[in-house]
Amino acid sequence: MIQNATTENRLVWLDVIRCIAMMMVIGVHCIDPFYISPTMRVIPEYTHWAAIYGSLLRPSVPLFVMMTGLLLLPVKQQPLGTFYKKRIYRVLFPFLIWSVLYSMFPWFTGLLGLPKEIIGDFFCYTQGHESQSLMDSLKDVAMIPFNFSHKENHMWYIYLLIGMYLYMPFFSGWIEKASNKTKQTFLFIWIVSLFIPYIREYVANMLFDRNGYVFGTDTWNEFSMLYYFAGFNGYMLLGHYVKQGNNWSVLKTFLICAIMFAIGYYVTYRGFSTTAANPNATETEMELYFTFCSPNVLLMTLAVFLILQKVVINTPIVVKALANMTKCGFGIYMVHYFVVGPFFLLIGPSAIPIPLQVPLMAVCIFICSWAFTALMYKLMPKKAHYIMG
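These figures come from a predicted structure and were not determined experimentally.

A.B. asks: Please explain the overall build of the protein as it appears in this structure.
C.D. replies: A count of helical and extended segments in the protein gives 17 helices and two strands. When each of the 389 residues of the protein is scored for burial, the buried share is 51%. Positive and negative charge centroids in the protein, built from 26 and 18 side chains respectively, lie 17 Å apart.

If you want it as structure tokens, here you go:
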């Protein structure tokens with residue numbers, strides 16, 4: 001099936017997954033104002049649709065990690081420095097440039113004489129804590145090597161991506177020598193580790209007085225028994241493991257994936273909506289069922305990945321468009337968060353039904369970010385393309 005979906009050595013179905021994943025990421029950020037903004041959270045219809053769309057779109061980041069594992073594992077034999085230079089430098093410079101732009105944006109709004117509330121309009125996580133101070137912006141810039149600020153929440157993934165690149169050559173050495181059975185054992189233990197967030201919440205906190213500590217963790221030790229099998233490296237290995245596709249028919253694949261997705265979605269939706277209904281719930285408690293490394297999100301992610309592997313596209317114009325989107329993908333990711341707030345201000349107060357607002361916002365933001373990134377590629381000298389990734 002992979003050969004049928006390959007055009008000029010491109011895995012077209014992988015471009016489709018990348019496109020879907022990008023739309024999911026943007027969609028996730030479109031619902032941020034629905035349950036983060038104090039004015040929106042008190043409106044039941046907004047929290048209801050935040051639960052529906054937020055649950056539906058959870059496979060977004062894990063899909064990207066699976067694609068990374070599929071494309072790069074095992075790492076080709078090359079000096080360690082060569083791999084790091086090729087992979088990390090490609091994301092590091094645009095990450096730093098755009099992080100600085102996001103951090104300095106509040107100060108720029110002050111120079112333009114705009115009210116500080118506009119910062120909260122652009123970045124909902126800053127509402128109630130807006131500042132146009134140059135010193136505060138410079139503090140955010142100084143913090144970039146350590147963590148992201150609430151003005152560029154989406155940058156958390158770049159820290160993860162750089163970490164995966166650092167780890168990948170070492171992980172690859174094991175993958176090259178490991179049998180399929182050994183990989184399956186690793187994936188099984190990893191799947192067990194995905195239950196840890198729920199064990200912490202519902203076992204340690206309710207049955208024992210351990211304040212969320214499980215499997216040997218405590219105030220002096222954050223590394224649990226399953227720590228070395230946990231995290232996003234499982235999604236990387238899973239992407240590598242399923243790269244050859246499956247031998248199931250399209251109908252069988254669809255039925256199995258539909259069941260997997262439905263189970264994962266139900267758990268995610270019920271968990272999040274129940275917590276969101278509690279006005280005293282903390283942000284951490286609300287995000288519990290949205291945890292990417294959880295069994296419910298794994299079910300949805302694997303279901304989406306397997307069904308999209310069966311996609312066959314032979315229309316040249318569509319193949320070309322998907323290839324261009326892939327080229328612009330990193331730039332789209334860098335840029336899109338700048339326009340989430342403005343599009344919400346444009347669409348949110350309109351007469352458009354709330355169920356349609358999120359998909360409409362996501363499509364508009366995607367097109368706008370893609371057009372901007374493609375234009376920058378066209379206008380900038382080739383040597384400056386690293387700015388967009």
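After that view, the rundown keeps rolling.
A.B. asks: Just to check I follow, could you spell out the packing of helix H5 (residues 60–72) against helix H9 (residues 156–177) for this structure?
C.D. replies: If you want to describe how two helices pack, look at the angle between their axes and the distance between the axes. Two elements in contact, H5 and H9, have axes whose closest approach is 12 Å; the angle formed by their N-to-C orientations is 25°. Our classification of the angle between H5 and H9 gives roughly parallel. Between H5 and H9 the crossing geometry is right-handed. Contacts from Val61, Phe64, Val65, Thr68 and Leu72 of H5 reach H9 at Trp156, Tyr157, Leu160, Leu161, Met164, Tyr165 and Met168. A class-by-class count of the residues in the contact of H5 with H9 yields eleven nonpolar, one polar and no charged.

A.B. asks: What is the right way to look at the packing of aromatic side chains in this model?
C.D. replies: Where two aromatic rings form a pair, the distance of their centres and the angle of their planes describe that pair. Within the structure shown, the criterion is met by 38 aromatic pairs. Judged by centre distance (6.4 Å) and plane angle (90°), the rings of Phe83 and Tyr165 are edge-to-face. One end of the pair, Phe83, is in helix H6 (residues 80–111); the other, Tyr165, is in helix H9, and 82 residues separate them in sequence. For the pair shown, Phe83 and Tyr165 are each scored as buried. When the centroid spacing of 5.5 Å and the interplanar angle of 45° are considered together, the rings of Trp107 and Phe108 count as tilted. Residue Phe108 is classed as partly exposed on the basis of its relative accessible area, which comes to 36%. Linked through ring pairs, Phe64, Trp156, Tyr157, Trp190, Phe232, Tyr235, Phe292 and Tyr333 together constitute an aromatic cluster.

So, how was this worked out
- Residues numbered from 1 in each chain as written.
- Predicted model: local features only at pLDDT ≥ 70, side-chain atom pairs only at ≥ 80, totals over all residues.
- Heavy atoms only, no water.
- Helix = DSSP H or I, 4+ residues; strand = E, 2+ residues; numbered from the N terminus.
- Buried < 20%, exposed > 50% of the residue type's maximum accessible area, 1.4 Å probe, protein only.
- Lys, Arg positive; Asp, Glu negative; His and termini not counted.
- Charge placed at Lys NZ, Arg CZ, Asp CG, Glu CD.
- Axes fitted to C-alpha atoms, helices over the stretch in contact; angles between N-to-C directions.
- Parallel < 35°, antiparallel > 145°, perpendicular 65-115°, else oblique.
- Left-handed = near helix turned anticlockwise from the far one by under 90°.
- Contact = heavy atoms within 4.5 Å.
- Nonpolar A, V, L, I, M, F, W, Y, C, P; charged D, E, K, R; others polar.
- Phe/Tyr/Trp six-rings, centres within 6.5 Å; stacked < 30°, edge-to-face > 60°.

Read these as geometric descriptors, not functional statements.
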